[in-house]
Amino acid sequence: MALTKAQMAQRIARDVPPGAYVNLGVGIPTLVAGYIPPEAEVVFHSENGILGIGGPAPPGEEDPDLVDAGKNAVIVRPGAAFFHHADSFAMLRGGRVDIAVLGAYQVSAAGDLANWKVPGGGVPNVGGAMDIVAGVKQVWVVMTHTGPDGRPKILPECTYPLTAKRVVRRIYTDLAVLEVTPAGPALIEVSPGVTVAQVVAATGTALTVPEALQRA
Amino acid sequence: MINKIVGSLAEAVRDVPNGATILLGGFAGAGYPMELIDALVDQGARDLTMVANHAGRGDTDYAALILQKRVKRVVCSFPGPQGSWVFQKMYEAGEVELELVPQGTLAERLRAGGAGLGGILTPVGVGTELAAGKQVVRVDGRDYLLELPLRGDFALVRAHRADRWGNLVYRKAGRNFNPVMAMAGRVTVAQVDEIVELGAIPAEDVHTPGIFVDRVVLTPRQAR
């Protein structure tokens, strides 16, 4: 059974180690925070100058000066820090953030990422997407395994404009969890009720399947 | 005696010339100098180059400038969030140019501009379409793009508290681009929620030293 967005977020949350510094992109990635207990002391970084986001602001307590990168009103937890934009991106580009979780249109076999522009789209927006993946220690992509038209999103080469080359480490989809290795994408885990054959068929490039999973 | 406090928003932007480059602080509404940009709309300067994270929302303040065809060029990272119909319409009609800059590069180009540097080398954008036209420099086996400094004729910033020397303290995530834009403006204008006596801001708590600030105008908060 393909995972729902909430289930994908929950699955990712399980892999975030306690005490990690994590940047969550807009969309499904922001759901990840809700599945990480505060006691784990995962420190959430927001590109607009916050470390230590504690969760959404309770209704009625929204502060227009306290929003995340997706313009959601948030609260901060003890230990939080505010800083300016150059420092914020220094943390990302300079390699201090452990994990960035973000969405994607496509990922290539070598780990190229396309997540900022679709061909022929209108006004182009890039935001912090390219900067975030430039130095963060691990890039984790979360996306549906195929597009709405059923076309694979994991491909030999991206056909959409690139965000960056060779940055993606791990891919979480509704069907599976994959790791990008020097030999290309490798299957780590299959979603409950989904078969290896389904995952292979939905992937547009050769997938390494470890022996232990081949029997699944 | 140093006194950077000006009496009105109109006075704060009175001398913005046609063709000026304007740096505009703020991110997702936080730290956004709304009243200063409204004053600029009233002031009438045109052929402006605007540097900000976005390109306006709705049809007021920044978007009003674009709608009135007073902006010839926008330098930003995210011109089209929800509600940015004015920029989209004017861009597609060829009325305004866009220089799209990754957000972190935008921040660092501003810092470089304010810091008197000739440029920065960043790995961001290498191998993508945003590398087009830019020089690639190889250092220690890694490719970087040479990105040029950004400076403004005017920087319009928003802070929480100031004194008459122009020292600024920001509030929460209202900080964002404001400090680096304050550095990179030839004339930096800050609108603030409160002005305090000289010495009331402890030296270690100053976020932007007043040396970077030229004018301070008080705009107490109202519910919007």
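The structure reproduced in this document is the subject of the present report. On a predicted model such as this, the values are computed, not experimentally measured, just so you know.

Turning our attention to the overall build of chain A. Across its full length, chain A holds six helices and 12 strands. Taking 2.2 N^0.38 as the reference for a compact globule, 216 residues should give roughly 17 Å; the C-alpha atoms of chain A span a radius of gyration of 17 Å, in line with that estimate. Taking the principal axes of the C-alpha coordinates as reference, chain A spans close to 50 × 40 × 30 Å. Considering chain A as a whole, with its 216 residues, one finds that 47% of them fall into the buried category. Look at the contacts in chain A between residues 6 or more apart in sequence, and 61% of them connect residues 24 or more apart.

Now for the overall build of chain B. Counting its secondary structure elements, chain B contains six helices and 11 strands. Against the 2.2 N^0.38 benchmark of 17 Å for 224 residues, chain B shows a C-alpha radius of gyration of 18 Å, consistent with a compact globule. Along the longest, intermediate and shortest principal axes, the C-alpha atoms of chain B span 50 × 45 × 30 Å. Buried positions account for 51% of the 224 residues belonging to chain B. Across chain B, every contact between residues at least 6 apart in sequence was considered, and the portion connecting residues at least 24 apart equals 74%.

This paragraph deals with unusual backbone geometry. One non-glycine residue, Lys 71 of chain A, lies in the positive phi region at around 70°. Its place among the elements puts Lys 71 of chain A in the loop between β3 (50–56) and β4 (74–82). Backbone geometry at Asp 61 of chain B places phi at a positive 40°, although glycine is not the residue there. Position of Asp 61 of chain B among the secondary structure elements: in helix α3 (residues 61–67). Residue classification places Asp 61 of chain B among the buried positions, given that 20 C-beta atoms sit within 10 Å.

A few words now on the sheet that holds strand β12 (residues 184–190) of chain A. All names here are of chain A. Here we have nine strands laid out as an open sheet, ordered β4-β3-β2-β1-β5-β8-β10-β11-β12, and mixed in their pairing. Lying at the two open borders of the sheet, with one neighbouring strand each, are β4 and β12. With direction set aside, neighbouring strand axes in the sheet form an average angle of 30°. Strand direction decides the pairing type here: strand β5 (residues 99–102) and strand β8 (residues 138–142), joined by four bridges, are parallel. Of the residues in β8, the one forming a bridge with Val 101 is Trp 140.

Cut-off values and rules
Residues numbered from 1 in each chain as written. Chains lettered and ligands numbered in written order. Predicted model: local features only at pLDDT ≥ 70, side-chain atom pairs only at ≥ 80, totals over all residues. Helix = DSSP H or I, 4+ residues; strand = E, 2+ residues; numbered from the N terminus. Rg over C-alpha atoms; globule rule 2.2 N^0.38 Å. Buried ≥ 20, exposed ≤ 12 C-beta atoms within 10 Å, placed from the backbone. Contact = placed C-beta atoms within 7 Å. Pairing = 2+ DSSP bridges. Axes fitted to C-alpha atoms, helices over the stretch in contact; angles between N-to-C directions.

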